[in-house]
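The lines below spell out each chain.
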Amino acid sequence: MLTRRVFLRGVGFLSAAPGWLARAAAGAGERKKKILVVLFQRGAADGLNVVVPFGEKRYYELRPAIAVAQPGSGENAAIDLDGFFGLHPSLGPLAELYRQRHLAIVEGVGSPDPTRSHFDAQDFMESGTPGRKATRDGWLNRALEKGKASPLRAVSMGALLPRALRGANPAVAIDDLNNFRVRSAQAAPAFQTMYAGTGDTVLQGMGRDTFEAVRLLESVQKQTYTPEGGAGYPRGRFGESLQQVARLIKSGVGVEVAFTDLGGWDHHVNEAPQLGNLLRNFGQGLAAFWRDLGDRMEDVCVVTMSEFGRAARENGNRGTDHGHANVMFVMGGGVKGGKIHGEWPGLEREQLYEGRDLALTTDFRDVLGELVERHLGNRNLEVVFPGYGARRFRGLLG
């Protein structure tokens with residue numbers, strides 16, 4: 001027997017609620033929506049080699065084998081940003097966006113929870129409640145205000161709905177936009193009849209809405225799509241995901257929040273070549289997304305985050321172990337770019353967290369809170385981030 005759960009998984013739809021599609025047309029056209037795109041770097045990115053503190057002597061003492069060279073010392077040297085910090089050489093495309101003041105960087109940022117478990121740290125950051133495992137929904141779902149909305153207001157690229165988007169508001173997981181459909185066209189009418197004939201009004205409504213959602217996405221598929229502005233997305237899942245998010249945004253289907261991720265950041269061994277390749281994809285993908293959307297980026301913000309950083313000192317395998325604070329990128333409309341935000345904690349032993357990791361000076365919820373409040377326009381931060389009221393960080397948006 002094919003259950004409703006199996007059927008919905010087959011068409012790629014993972015979260016729905018009755019009635020949302022009926023409100024879509026009215027909600028999508030009422031006012032111009034701002035859009036927040038969240039990119040999660042799974043595996044704990046090494047922020048110290050992503051944004052290099054080349055102006056601090058201690059950095060080179062802690063990392064004699066894997067430190068990124070100072071600017072001006074060859075093709076593999078850091079790209080100078082402000083005389084103290086530099087971007088990894090694989091992030092050349094983002095350096096230009098930084099100089100144009102479209103890209104901002106936040107240093108010493110992360111979760112205050114001390115865990116070095118990937119699973120727990122990702123869960124805490126996606127729930128928006130560090131240290132609390134009982135939270136059932138995600139911060140990005142809670143960031144959506146109630147009311148009229150498009151059925152595609154919240155989308156994630158991937159086979160499963162991420163923790164950040166689970167909750168009361170409907171959200172859609174799309175593994176591949178081009179394959180988001182009922183897998184058996186012959187079976188579709190039978191399923192529609194089955195749901196229409198059920199005595200369960202909730203199940204009836206959800207079945208109807210699911211098919212209408214599929215039809216809406218199929219209408220997007222029928223539109224010929226070519227990236228604009230000379231955008232060249234990197235090959236692979238990450239580039240495809242960013243391109244499909246851009247496609248949905250440009251289709252005008254009412255996207256408000258989008259989530260995608262990029263794994264592979266856990267470099268305990270031989271970090272340098274792996275990080276270089278990963279950052280090349282990362283930088284090319286974000287730069288292509290910017291070029292593709294063009295003027296539409298005035299209404300779009302992209303924020304990157306990772307569950308924690310890496311230890312300040314390299315290990316014996318030319319890699320790094322799990323750490324604490326990290327770095328976040330924010331790109332898009334209204335961002336005060338061309339600037340390093342946050343307080344740099346320093347790398348001397350007495351400045352390090354537990355004597356080994358970059359110390360936390362900015363809570364990640366401060367960064368996300370400003371984006372939710374000032375970009376998305378949701379002032380109910382006590383709902384989005386329950387139990388958190390510090391919010392000392394401001395000035396990321398103009």
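Refer to the structure presented above.
Residues numbered from 1 in each chain as written. Predicted model: local features only at pLDDT ≥ 70, side-chain atom pairs only at ≥ 80, totals over all residues. Heavy atoms only, no water.

1. A closer look at the side chain of Thr304
Heads up, the condition is: Numbered from the N terminus, helices here are DSSP runs of H or I no shorter than four residues, and strands are runs of E no shorter than two. The buried label applies to any residue whose accessible area, calculated with a 1.4 Å probe on protein chains only, is under 20% of its type's maximum; exposed applies above 50%, and partly exposed to all values in between. Contact criterion: two residues are considered in contact whenever any of their non-hydrogen atoms come within 4.5 Å of each other.
Position of Thr304 relative to the elements: it lies in strand β9 (residues 300-306). With relative accessibility at 2%, the residue Thr304 sits in the buried group. Beyond its immediate sequence surroundings of up to four residues, Thr304 is in contact with Leu39, Gln41, Phe282, Leu286, Met328 and Phe329.

2. Thoughts on the environment of Asn76
With respect to the element layout, Asn76 can be found in the loop between α4 (57-62) and β3 (79-80). Between the C-alpha atoms of Asn76 and Gly276, which are 200 residues apart in sequence, the distance is 9.7 Å. When sequence neighbours within four positions are dropped, the list of residues in contact with Asn76 reads Val68, Ala69 and Pro89.

3. Comments concerning the packing of helix α5 (residues 92-99) against helix α11 (residues 271-293)
Defined as follows: For helices, the fitted line uses only the C-alpha atoms of the stretch in contact; every axis is such a line through C-alpha atoms, and the angle between N-to-C directions lies from 0 to 180 degrees. Comment on the angle field: the value is read as roughly parallel under 35 degrees, roughly antiparallel over 145, roughly perpendicular from 65 to 115, and oblique elsewhere. Residues are sorted three ways: Asp, Glu, Lys and Arg are charged, Ala, Val, Leu, Ile, Met, Phe, Trp, Tyr, Cys and Pro are nonpolar, and all the rest, Gly among them, are polar.
Where α5 meets α11, the closest approach of the two axes is 7 Å, and the angle between their N-to-C directions is 45°. Judged by the angle between their axes, α5 and α11 are oblique. Here α5 contributes Pro93, Leu94 and Leu97 to the contact with α11, which in turn contributes Phe282, Gly283, Gln284, Leu286, Ala287 and Trp290. Tallied by class, residues from the contact of α5 with α11 come to 7 nonpolar, 2 polar and no charged.

4. Let's talk about the nonpolar core
Put simply, the rule reads: Residues belong to a common nonpolar core when they are buried Ala, Val, Leu, Ile, Met, Phe, Trp, Tyr or Cys residues joined through side-chain atoms within 4.5 Å.
Counting residues in hydrophobic clusters, the biggest one holds 70 residues, and the most contacted among them are Leu87, Phe282, Phe289 and Phe329. Ignoring any residue separated from it by four or fewer positions in sequence, one finds Leu87 in contact with Val50, Val51, Ala78, Ile79, Leu81, Leu94, Ala95, Ile105 and Phe329. Membership of the second largest hydrophobic core comes to 38 residues, among which are Ala104, Ala164, Ala171 and Tyr388.

5. Regarding helix α10 (residues 237-250)
An α-helical turn contains 3.6 residues, so any two residues separated by three or four positions project in the same direction. The condition is simple: Every helix has an expected span of 1.5 Å times one less than the residues it contains.
Given a rise of 1.5 Å per residue, 14 residues ought to cover 20 Å, and the 20 Å separating the end C-alpha atoms of α10 matches this to within 8%. Among the residues of α10, those classed as buried are Phe238, Gly239, Ser241, Leu242, Gln244, Val245, Ala246, Arg247, Leu248, Ile249 and Lys250. Taken from the residues just after α10, Gly252 is the one with a positive phi, measuring 70°.

6. Let's talk about the side chain of Gln244
Relative to the elements of secondary structure, Gln244 occurs in helix α10. What makes Gln244 buried here is its relative accessible area of 12%. With sequence-adjacent residues up to four places away left out, Gln244 is seen in contact with Met157, Asp176, Leu177 and Asn178.

7. A word on the packing of α10 against α11
The condition is simple: Definitions for this section: a left-handed crossing has its near helix turned counterclockwise from the far helix by less than a right angle. A right-handed crossing has that turn clockwise.
Between α10 and α11, the least distance of the axes is 10 Å, while the angle of their chain directions is 15°. Classified by the angle between their axes, α10 and α11 sit roughly parallel to one another. As for the relative orientation of α10 and α11, their crossing is right-handed in sense. Contacts between α10 and α11 involve Phe238, Leu242, Val245, Ala246, Ile249 and Lys250 from the first element and Asn281, Phe282, Gly285, Leu286, Phe289, Asp292 and Leu293 from the second.

8. Side note on the environment of Leu161
Inspection of the secondary structure assignment puts Leu161 in the loop between β6 (154-157) and β7 (172-174). Given the relative accessible area of 8%, Leu161 is considered buried. Along the sequence, Leu161 and Val172 sit 11 residues apart, while their C-alpha atoms lie 7.1 Å from each other.

9. Section: the pairing of strand β1 (residues 35-41)
Here is the rule: Pairing between strands is defined by DSSP: at least two bridges between the two strands are required.
Counting buried positions along β1 gives 7 out of 7 residues, so the element sits mostly inside the fold. Judged by which residues are buried, β1 turns out to be covered on both faces: Ile35, Val37, Leu39 and Gln41 on one side and Leu36, Val38 and Phe40 on the other are all buried. Note: β1 against β9, 7 bridges, orientation parallel. By the bridge assignment for β9, Leu39 is matched with Thr304. By the bridge criterion, 6 bridges tie β1 to strand β8 (residues 257-262) in an arrangement that is parallel. Of the residues in β8, the one forming a bridge with Phe40 is Asp261.

Interpretation in functional terms is not warranted from these geometric data alone.
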